Amino acid sequence: MNTGENRTNVDSGEIAKFEALASRWWDPESEFKPLHDINPLRANWIDQQAGVAGKKVADVGCGGGLLSEALSQRGARITGIDMGEAPLAVARLHQLESGLDIDYRQMTAEELADQEAGSYDLVTCMEMLEHVPDPAAIIQACARLVKPGGQVFFSTLNRNPKSYLFAIIGAEYVMRMLPRGTHEYNKFIKPSELGEWIREAGMEVAELMGMTYNPLSKRYKLTAHDVQVNYLVRATKPE
């Protein structure tokens, strides 16, 4: 697959949304507050499941580098990729402050998979699948990137009336936790759909984990029994 084909799975409108907000990526009280709030939860969960210290990790759709830095702090060797120039510039600037050794690159998952197939112990792709035209192709690329026996971690939003009410009406219009238009409901992904794409990519679903938000305490927590809105998936690639 050539570079032109690899770049067709990019939504310029979605890239523009995050480009416009990039300067505020590391402000925990900005539009990215929800990401700051969930970042320790998702980083700890990944570390608990995979033991990231010393592991080579590709962070697909790394944005401004929140998860990349969190995993690097836990000892992972990170390559962070994104198609947004401004978020990557912010990630590199923050890296100067943190002093962490992270390799940030502006490229697609498909391009990295063409160059470094089977090179990574772990791949993370968090809060990205619902922002691309062809999420199944991203999953295929992640499967190509990870070594046999490795693990891939995804997170996205379920598609049902509750997720529409909580993730769009509640988060974007009522509580204003996110800018209006951050998400498009028809791009949300049911766990059954994600599971099917994972299996088609030659991997296995090892675990589903929900992430719920309490508007009274204003806290997120991982909830294995509730994947109705936000959820994470751990996939494994057979030896």
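Residues numbered from 1 in each chain as written. Predicted model: local features only at pLDDT ≥ 70, side-chain atom pairs only at ≥ 80, totals over all residues. Heavy atoms only, no water.

1. Brief notes about helix 4 (residues 66-73)
Right, so step 1: Of all the 8 residues making up helix 4, 7 are buried; the element is thus mostly covered by neighbouring parts of the structure.
Right, so step 2: Along helix 4, the residues classified as buried are Leu 66, Leu 67, Ser 68, Glu 69, Ala 70, Leu 71 and Ser 72.
Right, so step 3: Structurally, helix 4 contributes buried residues whose contacts are with helix 3 (33-50), strand 1 (56-60), strand 2 (77-82), helix 5 (85-98), strand 3 (102-106) and strand 4 (120-126).
Right, so step 4: Following helix 4 by one or two positions, Gly 75 has its phi on the positive side, about 100°. (Buried < 20%, exposed > 50% of the residue type's maximum accessible area, 1.4 Å probe, protein only. Helix = DSSP H or I, 4+ residues; strand = E, 2+ residues; numbered from the N terminus. Contact = heavy atoms within 4.5 Å.)

2. Observations regarding the packing of aromatic side chains
Right, so step 1: Within the structure shown, the criterion is met by 6 aromatic pairs.
Right, so step 2: The interplanar angle of 45° and the centroid separation of 6.1 Å between the aromatic rings of Phe 18 and Trp 25 together place this pair among those described as tilted.
Right, so step 3: On the basis of relative accessible area, Trp 25 is assigned to the buried category, the value being 7%.
Right, so step 4: Between Tyr 213 and Tyr 220, the ring centres sit 4.6 Å apart and the planes meet at 50°, which makes this aromatic pair tilted.
Right, so step 5: Owing to a relative accessible area of 22%, Tyr 213 belongs among the partly exposed residues under this scheme.
Right, so step 6: According to the relative accessible area criterion, Tyr 220 is buried, its value standing at 17%.
Right, so step 7: Here the aromatic cluster, defined as three or more aromatic residues joined through ring pairs, consists of Phe 18, Trp 25 and Phe 32.
Right, so step 8: Stacked on the ring of Tyr 120, the Lys or Arg Lys 56 has its end atom at 4.8 Å from the ring centre. (Phe/Tyr/Trp six-rings, centres within 6.5 Å; stacked < 30°, edge-to-face > 60°. Lys NZ or Arg CZ within 6 Å of the ring centre and 35° of its normal.)

3. A short note on unusual backbone geometry
Right, so step 1: One non-glycine residue, Glu 127, adopts positive backbone phi at about 55°.
Right, so step 2: Of note, Glu 127 is situated in the loop between strand 4 and helix 7 (135-145).
Right, so step 3: For Glu 127, a relative accessible area of 23% gives the class partly exposed.
Right, so step 4: Of note, the phi angle at Lys 218 is positive, near 60°, even though the residue is not glycine.
Right, so step 5: Using a relative accessible area of 57% as the deciding quantity, one classes Lys 218 as exposed.

4. Description of the sheet that holds strand 1
Right, so step 1: Strand order in this open sheet of 8 strands is 3-2-1-4-5-8-6-7, and the pairing throughout is mixed. Each having just a single partner strand, strand 3 and strand 7 (219-223) make up the two edges of the open sheet. Here the average twist between neighbouring strands, direction ignored, is 20°.
Right, so step 2: When strand 6 (residues 204-214) meets strand 8 (residues 230-236), the two strands line up antiparallel, connected through 7 bridges. Residue Leu 208 lies in a different strand from strand 8, and its bridge partner there is Val 233.
Right, so step 3: Against the sheet, helix 4 makes contact with strand 1, strand 2, strand 3 and strand 4, and its axis sits at roughly 155° relative to strand 3, the strand it touches most. (Pairing = 2+ DSSP bridges. Axes fitted to C-alpha atoms, helices over the stretch in contact; angles between N-to-C directions.)

5. Section: the pairing of strand 4
Right, so step 1: Burial analysis of strand 4 places 7 of its 7 residues in the buried class, the great majority of the element.
Right, so step 2: With 3 bridges connecting them, strand 1 and strand 4 associate as parallel partners. Across the sheet, Ala 58 pairs through a bridge with Val 123, a residue of strand 4.
Right, so step 3: The pairing of strand 4 with strand 5 (residues 146-157) spans 6 bridges and is parallel. Bridge pairing in strand 5 links Tyr 120 to Val 146.

6. Concerning the environment of Met 211
Right, so step 1: On the secondary structure map, Met 211 appears in strand 6.
Right, so step 2: Sequence separation between Met 211 and Ile 38 is 173 residues; the distance between their C-alpha atoms is 8.6 Å.
Right, so step 3: Ignoring any residue separated from it by four or fewer positions in sequence, one finds Met 211 in contact with Ile 38, Tyr 220, Lys 221, Leu 222, Thr 223, Asp 226, Asn 230, Tyr 231 and Leu 232.

7. Considering the packing of helix 6 (residues 109-116) against helix 7
Right, so step 1: At their nearest, the axes of helix 6 and helix 7 sit 9 Å apart, and the two run at 25° to each other. Between helix 6 and helix 7, the angle is such that the two are roughly parallel. The chirality of how helix 6 crosses helix 7 is left-handed. Facing helix 6, whose interface residues are Ala 109, Glu 110, Leu 112, Ala 113, Asp 114 and Glu 116, helix 7 presents Ala 137, Ile 138, Ala 141, Arg 144 and Leu 145. (Parallel < 35°, antiparallel > 145°, perpendicular 65-115°, else oblique. Left-handed = near helix turned anticlockwise from the far one by under 90°.)

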